[in-house]
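In case you want the letters, here they are:
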Amino acid sequence: MVDMGQYEKGLYSKPKPKQNFTFYLINELSGEIVATYEKRPRLQEIESKYPNFWDHYKLTKKITLEG
C-alpha cells in the first residue's frame, strides 16, 4: 500500500515495467528470420555462422514491456 503523502511529495514512484529484448537476424534478400536471440549476440558468433552477414543480413531488436 502506498502512503499518499509520500506519493504527493515525490518520494514514491510507480515501478517501471520490465523490458525484454528479442533480437532477430533477418536475411535482407528473402525477408526471412534466420535466427532469434534472447540477448544481444556477439558479432563473431554471427559472422562464423553467416559469412556474408554484412552484405545480406541485418540484426533488429524488439522491445516488450512486462507489468
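Cut-offs and rules
Residues numbered from 1 in each chain as written. Predicted model: local features only at pLDDT ≥ 70, side-chain atom pairs only at ≥ 80, totals over all residues. Heavy atoms only, no water. Helix = DSSP H or I, 4+ residues; strand = E, 2+ residues; numbered from the N terminus. Polar contact = N/O pair within 3.5 Å; in protein donor to acceptor, adjacent residues only side chain to side chain. Contact = heavy atoms within 4.5 Å. Core = buried A, V, L, I, M, F, W, Y, C linked by side-chain atoms within 4.5 Å. Buried < 20%, exposed > 50% of the residue type's maximum accessible area, 1.4 Å probe, protein only. Salt bridge = Lys/Arg side-chain N within 4 Å of Asp/Glu carboxyl O.

**Describing the side chain of N27**
Part 1 of the argument: As for its placement among the helices and strands, N27 is situated in strand β1 (residues 18-27).
Part 2 of the argument: Within the local environment of N27, its side chain forms a polar contact with the backbone nitrogen of S30, the two atoms lying 3.3 Å apart.
Part 3 of the argument: Residues within four places of N27 in sequence aside, it is in contact with E32, V34, H56 and Y57.

**Topic: the nonpolar core**
Part 1 of the argument: F23, L25, A35, Y37, I46, Y50, F53 and Y57 together form the largest nonpolar core, which totals eight residues.
Part 2 of the argument: Elements with a minimum of two residues in this core: β1 and β2 (33-37).
Part 3 of the argument: Setting aside residues no more than four positions away along its own chain, Y37 makes contact with F21, T22, F23, L25, E45 and I46.

**Quick look at the pattern of salt bridges**
Part 1 of the argument: As enumerated under the stated definition, the model contains one salt bridge in all.
Part 2 of the argument: For K49, the salt bridge goes to E45, with nearest N and O atoms at 4.0 Å. Taken together, the residues K49 and E45, both in helix α2 (residues 43-49) and four residues apart, mark about one turn of the helix.
Part 3 of the argument: Judged by relative accessible area, E45 falls into the partly exposed class, the value being 32%.

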